[in-house]
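So you can see what is in the structure, the chains are spelled out below.
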Amino acid sequence: MGKNLYRLLFIFILIIVSSYLIQTGVSTTFLLERNIQLIQLSYVFNSLFAIAFSVAMILLSKKYNDQLGFVFMAGSLIKIGVFMAICKLTAIEINRNTFVDFFIAYVICLVFEVIYISKILKSIK
C-alpha cells in the first residue's frame, strides 16, 4: 500500500503543478484579470487537504469501512467551509468572476479523492 501511495502522490503532485502552470499561463497570456493570490491559495489548500484527507480515509477504512461515504461527503463540506473561512480571514474576495479560480483546483483535487477513495473501497471488499 505504501508504494502505491507514493506513486499516487507523485502523479497527483505532477497533475496539480501542471494544472496550476496552465491556469496561470492562460490567465497571463490572455491578459485575464485574475487574483493570483486566490489561485495560489486554492491550489495549496486543496492539494494539502486532498492529501491529508486521503491519508485519513486510508486510516479510517480499516475500522469504519461502512461509513466512508458519509465521511467523504462531510470532508468535502468541511473543505469548502474552511476555504471560505480562510478567504474571509485574509480578506480575499470571492465573487462570480473569481469563483473559477477556486473551482478548477477544487475539481482536480476532488477527482483525485474520488478515484483514490474508490480504489480503497474496492480493496476492502
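Residues numbered from 1 in each chain as written. Predicted model: local features only at pLDDT ≥ 70, side-chain atom pairs only at ≥ 80, totals over all residues. Heavy atoms only, no water.

A. Representation of the nonpolar core in the model. By size, the foremost hydrophobic cluster in this structure holds 27 residues, and its most contacted members are Phe 12, Met 57, Phe 83, Tyr 116 and Ile 120. Going through the elements one at a time, α1 (2–29), α2 (36–63), α3 (68–89) and α4 (96–124) are the ones with two or more residues in this core. Residue contributions to this core peak at nine residues, all from α2. Excluding residues that lie within four positions of it along the chain, Met 57 makes contacts with Leu 68, Val 71, Phe 72, Ile 117 and Ile 120. (Core = buried A, V, L, I, M, F, W, Y, C linked by side-chain atoms within 4.5 Å. Buried < 20%, exposed > 50% of the residue type's maximum accessible area, 1.4 Å probe, protein only. Helix = DSSP H or I, 4+ residues; strand = E, 2+ residues; numbered from the N terminus. Contact = heavy atoms within 4.5 Å.)

B. Seen up close, the pattern of salt bridges. In the structure shown here, the tally under the stated rule is one salt bridge. Close ionic contact of Lys 79 with Glu 113 constitutes a salt bridge, the shortest N to O distance being 3.1 Å. Placement of the pair is Lys 79 in helix α3 and Glu 113 in helix α4, with a sequence separation of 34 residues. (Salt bridge = Lys/Arg side-chain N within 4 Å of Asp/Glu carboxyl O.)

C. Summary view of the packing of aromatic side chains. Scanning the entire structure with this criterion turns up twelve aromatic pairs. Ring plane angle 35° and centroid distance 5.8 Å describe the contact between Phe 45 and Phe 49, whose orientation is recorded as tilted. Of this pair, Phe 45 and Phe 49 both sit in helix α2, separated by four residues, roughly a single helical turn. You can call Phe 45 buried: its relative accessible area is 12%. Centre to centre, the rings of Phe 99 and Phe 103 are 5.3 Å apart; their planes meet at 25°, and the pair counts as stacked. Taken together, the positions of Phe 99 and Phe 103, both in helix α4 and four residues apart, correspond to about one turn of that helix. You can call Phe 99 partly exposed: its relative accessible area is 36%. Given the relative accessible area of 38%, Phe 103 is considered partly exposed. Taken together, the aromatic side chains of Phe 45, Phe 49, Phe 53, Phe 72, Phe 83, Phe 99, Phe 102, Phe 103 and Tyr 106 make up a single cluster linked through ring pairs. (Phe/Tyr/Trp six-rings, centres within 6.5 Å; stacked < 30°, edge-to-face > 60°.)

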